[in-house]
Amino acid sequence: MRNVWCILICLFFCVNAFSQSTSIDYLIVAGGGGGASGGGGGGGVLQATNYSIPINSNITITVGAGGSSGSGGSGSSGANIGGNGGNSSISSAYGNITAIGGGGGGNSAVNGGKGADGGSGGGGSYDKPSVAYSSGTAGQGNRGGRSDRAGYGAGGGGGGAGAVGSNAPTTHRGGPGGNGIQSSISGNATYYGGGGGGVNHNCSCSVSNGGGQGGLGGGGNGSSLGYGNGNYNNGTAGTPNTGGGGGGTDPESTTANAGGSGIVIIRYLGTPKATGGDITEVGGYTIHTFNSIGNTIFNYRGNPEIQRTQISVDNSTVSVTFSDYVYGGSASATSTLEVADFALTMSGGSASLSSATPSSISVSGTTIGLGIPLSGIPDGNELLTILPASNSSIFSV
């Protein structure tokens, strides 16, 4: 059951109705960047409470894809930097909020080995200790790391939403990805936006734990192999729906690891009042989780919205048009509205009401006509208030 809001109407020329909005909490996580030699940067993370949205209006939720995998950059592996992750957003008539996709990991043959900028920046390529750090987006993420030496220097870790990506710590060992940020909006404490780990430098061998560890929040691990040209890669992709960056790959490897897709989560107090996403109820909140890549519509239905009001020329009746069908009586049945379901009051001006109950009622679809039991001659300063007679007397289903 959704109870109807009250309305205010001025006699003669003045007509006024309450605009309606509600507040939500949100978490927006963009897609993580793909790894190359350096680890992919984590997707940007934004979160807030008590954010105002319009009700009875379509709100577009966008979930970004994880960035594509790059390659190592040495020999015949290919000059392919990791792809940036896709942006995630909430877009309504009240504005757009966008988390920026994580930057791709650096490739030694592209941009001097620098990782791409993004929500969090991608890690730099192997053997490039002087390359500029990639940048994260302020308020969403952090920079990536880079190699520590020009000979046998491993790849840097991708930045995370909560910490920078680490430089390669020593010969043959990739830099760890930066940790993401923890949120409990889903009902469980979960990290999002972790950076991908950098890669082990080629040594014609496998180095135990040579690949950088992925950051908390879905960051993929960098590869620890280094066997020469081909698809030698035991790193991991960013975890889907965390915005984690993909792990880096071997210098001569043709394939690195993709970033993880993003996620958007919305919650509000009370029972479900909206459509869109996967809906759960935890701890007195309704939670809408959007996992699917691309656009989805979220619509907070709320209470029936008053779309139009009109008073007759002789002030004998007022018609009220709602955004939904409304009913009266018991909340468990769609019974017909009666005059006793409404209560009228009037203030200001020279006229008054002879009764607090409408003198008549008519129902035509979503438009309700109410008779005004007016006493005296109005002067245009009267303010008529129409309310449900009780909290459960008027509702929609």
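Up top is the structure these notes are about.
Since the model is a prediction, treat every value here as computed from it, not as a measurement.

1. As for the overall build of the chain
Moving on, step 1. When helices and strands are tallied, the chain shows zero helices and 25 strands.
Moving on, step 2. Looking at the 397 residues of the chain, the share that counts as buried comes to 52%.
Moving on, step 3. For the chain, the share of sequence-separated contacts (at least 6 apart) that also reach a separation of at least 24 residues comes to 58%.
Moving on, step 4. With an accessible surface of roughly 15,000 Å², the chain has 48% of that area assigned to carbon and sulfur atoms.

2. Looking at the nonpolar core
Moving on, step 1. Tyr26, Ile28, Ile61, Ile90, Val264, Ile266 and Phe298 are the most contacted members of the largest nonpolar core, which has 21 residues in total.
Moving on, step 2. Those elements that provide at least two residues to this core are strand E4 (21-29), strand E5 (45-54), strand E6 (58-63), strand E8 (95-99), strand E11 (263-269) and strand E15 (294-300).
Moving on, step 3. Those residues within four positions of Val264 in sequence are excluded, and the remaining contacts are Leu27, Ile28, Ile61, Thr62, Val63, Ser88, Ser89, Ile90, His288, Thr289 and Phe290.
Moving on, step 4. Ranked by size, the runner-up nonpolar core spans 17 residues in total, among them Val318, Leu344, Ile368 and Ile394.

3. Remarks on the packing of aromatic side chains
Moving on, step 1. In total, this model carries three aromatic pairs according to the counting rule given.
Moving on, step 2. Where Phe290 meets Phe298, the ring centres are 6.2 Å apart and the plane angle is 80°; that geometry is what we call edge-to-face. Across the pair, Phe298 and Phe290 agree in class, each one buried.
Moving on, step 3. When the ring centre of Tyr133 is taken as origin, the NZ or CZ atom of Arg143, which lies over that ring, is 3.9 Å away.

4. Some points on the pattern of salt bridges
Opposite charge on two side chains permits them to pair, given that their charged atoms come into close proximity.
Moving on, step 1. A full pass over the atoms with the stated rule returns three salt bridges.
Moving on, step 2. With a closest N to O distance of 3.0 Å, Arg267 and Asp25 form a salt bridge. Of this pair, Arg267 sits in strand E11 while Asp25 sits in strand E4; the two residues are 242 residues apart in sequence, bridging distant segments of the chain.
Moving on, step 3. On the basis of relative accessible area, Asp25 is assigned to the buried category, the value being 10%.
Moving on, step 4. Lys114 is the partner of Asp117 in a salt bridge, and the nearest nitrogen-oxygen pair spans 2.9 Å.

5. Thoughts on the sheet that holds E11
Moving on, step 1. Read across the open sheet, the five strands follow the order E5-E4-E11-E14-E13; overall the sheet is antiparallel. Since the sheet does not close on itself, it has two edges, and those belong to E5 and strand E13 (278-282), each with one partner. Each strand of the sheet is rotated relative to its neighbour by a mean of 25°, with strand direction disregarded.
Moving on, step 2. Here six bridges tie E11 to strand E14 (residues 285-290), and the two strands are oriented antiparallel to one another.

Thresholds applied
- Residues numbered from 1 in each chain as written.
- Predicted model: local features only at pLDDT ≥ 70, side-chain atom pairs only at ≥ 80, totals over all residues.
- Heavy atoms only, no water.
- Helix = DSSP H or I, 4+ residues; strand = E, 2+ residues; numbered from the N terminus.
- Buried < 20%, exposed > 50% of the residue type's maximum accessible area, 1.4 Å probe, protein only.
- Contact = heavy atoms within 4.5 Å.
- Areas by Shrake-Rupley, 256 points an atom, 1.4 Å probe, with all protein chains shown as cover.
- Core = buried A, V, L, I, M, F, W, Y, C linked by side-chain atoms within 4.5 Å.
- Phe/Tyr/Trp six-rings, centres within 6.5 Å; stacked < 30°, edge-to-face > 60°.
- Lys NZ or Arg CZ within 6 Å of the ring centre and 35° of its normal.
- Salt bridge = Lys/Arg side-chain N within 4 Å of Asp/Glu carboxyl O.
- Pairing = 2+ DSSP bridges.
- Axes fitted to C-alpha atoms, helices over the stretch in contact; angles between N-to-C directions.

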